[in-house]
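What follows is each chain in one-letter form.
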Amino acid sequence: MSESSLQNEVAKRRTFAIISHPDAGKTTITEKVLLHGQQIQKAGTIKGKKSGQHAKSDWMQMEQERGISVTTSVMQFPYNNALVNLLDTPGHEDFSEDTYRTLTAVDSCLMVIDGAKGVEDRTIKLMEVTRLRDTPIITFMNKLDRDIRDPLELLDEVEDVLKIMCAPITWPIGSGKNFKGVYHLLKDETILYKTGQGHRIQEETIIKGLDNPELDEKLGVWADELREQIELVNGASNPFDKELFLAGELTPVFFGTALGNFGVDHMLDGLVDWAPRPQPRETDQQDSVSADNKDFSGFIFKIQANMDPRHRDRVAFLRIVSGKYEKGMKMRQVRTGKDVRISDALTFLAGDRSHVEEAYPGDIIGLHNHGTIQIGDTFTAGEDFKFSGIPNFAPELFRRIRLKDPLKQKQLLKGLVQLSEEGAVQVFRPLISNDLIVGAVGVLQFDVVVHRLRTEYKVDAVYENINVATARWVSSKDEKKLDEFRRKAEANLALDGGDNLTYIAPTMVNLSLAEERYPDIEFTHTREH
Ligand code: G4P
């Protein structure tokens with residue numbers, strides 16, 4: 001293919017994910033985004049936690065039983081002149097390392113905040129992960145159809161807690177019963193809100209200019225209030241600056257209601273205009289790889305088992321970094337050095353699998369995996385470099401795992417190591433005991449692992465509580481110091497699934513003490529694959 005057509009494909013693409021605290025409205029906004037992308041005729045088909053109707057992205061039997069989605073689905077849709085890839089991040093109870101790792105496969109993020117609640121815990125954690133790569137962030141303040149907190153105070157909180165400057169792009173007029181619409185600061189337009197249009201694309205009434213008398217006609221007393229507020233906002237907040245946005249230092253902020261389907265399109269317009277096209281990726285060699293490079297390359301950020309009960313296989317999700325995927329092409333799996341011909345890569349539309357003929361940088365394709373692909377694997381057109389920056393994240397929850405039938409210890413270990421290579425869970429073997437400790441980022445991962453051990457490895461296992469607060473991978477430039485540390489801190493050390501040395505801390509205080517006591521040892525909470 002010609003270089004310019006590859007560049008055109010690259011220039012069109014925007015690959016992003018949503019970060020938010022549970023219940024802030026991620027699912028609702030995803031649904032409205034897809035409505036605007038014309039992927040669903042009528043909003044309301046994505047989920048129905050309470051209605052019992054299963055979400056389109058619910059694949060596994062277990063997910064269906066619980067009405068939640070364990071998987072990261074990938075949705076692609078056109079919007080204006082762009083082609084948008086939205087990577088859904090597992091949330092709620094299904095929160096897992098996959099949620100974190102998905103954030104390493106996108107070029108920008110949408111942060112959704114509940115306007116009544118402000119910045120919440122999960123958002124803080126997810127933002128931390130996006131800071132590893134300074135991913136550009138767009139913010140949507142949601143639930144304006146309810147009484148929200150003072151908008152200026154919300155922006156202050158984002159700036160203080162998340163350490164990112166805010167540039168309001170739209171500004172709300174009232175909230176709750178008095179929500180009238182928003183004023184677009186860059187376009188100098190007031191867009192009026194109508195209730196009852198949550199399930200279709202809103203017909204918008206737009207009033208140009210703040211001095212327009214039509215504003216007084218339509219808004220009454222709110223018109224002057226708006227004028228005053230905008231003066232205040234212009235004085236008190238940061239103007240939008242695209243470079244600062246791309247550097248991850250400033251976030252454009254939109255206000256609206258996902259449920260009322262108002263403001264989502266303003267945000268999407270901003271996203272396709274400003275969010276970066278597929279970005280270059282660092283490698284273990286000197287050069288990073290640009291999306292315009294015509295040779296195919298990509299990395300695996302997620303492996304999903306049994307997405308479709310009719311196909312009992314695993315699918316590895318590959319983010320394309322450069323070049324073009326074409327059906328039937330050969331690619332090299334760098335870790336194993338094997339060249340494989342791929343003619344059945346998958347694309348996803350929230351659960352519908354179909355085979356792709358071609359795909360471009362920024363796109364996600366699914367590779368069938370019979371146990372040979374691992375998280376972090378690089379695929380290339382034949383070169384031998386590896387992408388960096390696809391980490392393991394230190395687990396936050398720990399259990400000891402015990403067999404019902406002690407004779408199956410070997411199978412248990414094999415299963416756990418494989419599941420940890422797949423990124424489903426992490427396993428730690430203390431140096432001084434025969435315990436097996438399972439660590440996870442989200443609580444549901446524990447159930448998934450027991451379920452899979454039973455169905456795929458035929459071992460019955462149960463969990464016991466264990467007194468572990470956190471884990472850190474340890475390393476040192478000084479081999480001697482590391483040996484000494486290994487001896488002295490043996491009681492707290494374990495090997496993970498890849499035989500990497502890990503410090504297992506019973507309390508956070510214990511961890512800080514260890515860090516103080518051994519200044520030559522590095523304790524890290526992410527580890528590269
Ligand atoms: P999540 O994926 O981030 O967890 O949030 P989700 O979209 O499921 O939204 C959580 C709850 O908040 C849902 O209500 C949803 O309807 C509501 N919600 C989302 N956006 C808005 C909004 O703009 N305004 C208002 N008022 N509510 C909003 P629920 O009753 O918990 O669930 P459901 O059974 O109605 O779906």
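In the annotation of an unreviewed UniProt entry, the protein is listed under the name Peptide chain release factor 3 and assigned to Idiomarina rhizosphaerae. Of the comments in the UniProt record for the protein, the one headed Sequence similarities (unreviewed entry) reads "Belongs to the TRAFAC class translation factor GTPase superfamily. Classic translation factor GTPase family. PrfC subfamily." According to UniProt, the comment filed for the protein under the heading Subcellular location (unreviewed entry) is "Cytoplasm".

Undergrad: Explain the packing of aromatic side chains to me, please; I cannot follow it from the model alone.
TA: The way to describe two aromatic rings as a pair is by their centre distance and the angle between their planes. One pass over the full model with this rule turns up 17 aromatic pairs. Note that arginine 399 overlies the ring of phenylalanine 446, its terminal NZ or CZ placed 4.4 Å from the centroid.

Undergrad: So what exactly am I meant to see when it comes to the packing of helix α11 (residues 409-421) against helix α12 (residues 444-457) here?
TA: The packing of two helices is summarised by the inter-axis angle and the distance between the axes. At their nearest, the axes of α11 and α12 sit 10 Å apart, and the two run at 120 degrees to each other. Overall, the two elements α11 and α12 adopt an arrangement that is oblique. Crossing handedness for the pair α11 and α12: right-handed. Residue-level contacts link Gln411, Leu412, Gly415, Leu416, Gln418 and Leu419 of α11 to Val449, Arg452, Leu453 and Tyr457 of α12. Taken together, the residues of the contact of α11 with α12 sort by class into 6 nonpolar, 3 polar and 1 charged.

Undergrad: So what exactly am I meant to see when it comes to the sheet that holds strand β3 (residues 82-87) here?
TA: Sheet strands pair via backbone hydrogen bonds, and the direction of the pair is either parallel or antiparallel. Here we have 7 strands laid out as an open sheet, ordered β2-β3-β1-β4-β5-β11-β6, and mixed in their pairing. The open sheet has two edge strands with one neighbour each: β2 (74-79) and β6 (165-168). Each neighbouring strand pair of the sheet contributes to a mean axis angle of 30 degrees, computed without reference to strand direction. Summarising the sheet, strand β1 (residues 13-20) and β3 pair through 5 bridges and their orientation is parallel. Within the sheet, the bridge partner assigned to phenylalanine 16 lies in β3 and is leucine 86. Against the sheet, helix α6 (residues 151-162) engages β4 (108-114), β5 (137-142), β6 and β11 (250-255), with an angle of about 150 degrees to β6.

Undergrad: Help me out: how do you make sense of the confidence of the model for the protein in this one?
TA: Taken residue by residue, the protein gives an average pLDDT of 88. The fraction at 70 or more is 90%. Ignoring residues within four places in sequence, the model shows residues 41-72, a span with pLDDT below 50, making 89 contacts including any to other chains. The complex model carries a pTM of 0.89, and its ipTM stands at 0.97.

Undergrad: Honestly, the nonpolar core in this entry has me stumped. Any pointers?
TA: In summary, soluble globular proteins display a tendency toward joint burial of nonpolar side chains. Counting 77 residues, the largest nonpolar core has Val158, Tyr325, Ile365 and Leu367 as its most contacted members. The element contributing the most residues to this core is strand β13 (residues 314-322), with 6 residues. One finds Ala82, Leu110, Phe254 and Val264 within the second-largest nonpolar core, a separate group that totals 29 residues.

Reading the values: rules and limits
- Residues numbered from 1 in each chain as written.
- Predicted model: local features only at pLDDT ≥ 70, side-chain atom pairs only at ≥ 80, totals over all residues.
- Heavy atoms only, no water.
- UniProt positions renumbered as here; feature names shortened; annotations may be inferred.
- Phe/Tyr/Trp six-rings, centres within 6.5 Å; stacked < 30°, edge-to-face > 60°.
- Lys NZ or Arg CZ within 6 Å of the ring centre and 35° of its normal.
- Axes fitted to C-alpha atoms, helices over the stretch in contact; angles between N-to-C directions.
- Helix = DSSP H or I, 4+ residues; strand = E, 2+ residues; numbered from the N terminus.
- Parallel < 35°, antiparallel > 145°, perpendicular 65-115°, else oblique.
- Left-handed = near helix turned anticlockwise from the far one by under 90°.
- Contact = heavy atoms within 4.5 Å.
- Nonpolar A, V, L, I, M, F, W, Y, C, P; charged D, E, K, R; others polar.
- Pairing = 2+ DSSP bridges.
- pLDDT = per-residue confidence, 0-100.
- Core = buried A, V, L, I, M, F, W, Y, C linked by side-chain atoms within 4.5 Å.
- Buried < 20%, exposed > 50% of the residue type's maximum accessible area, 1.4 Å probe, protein only.

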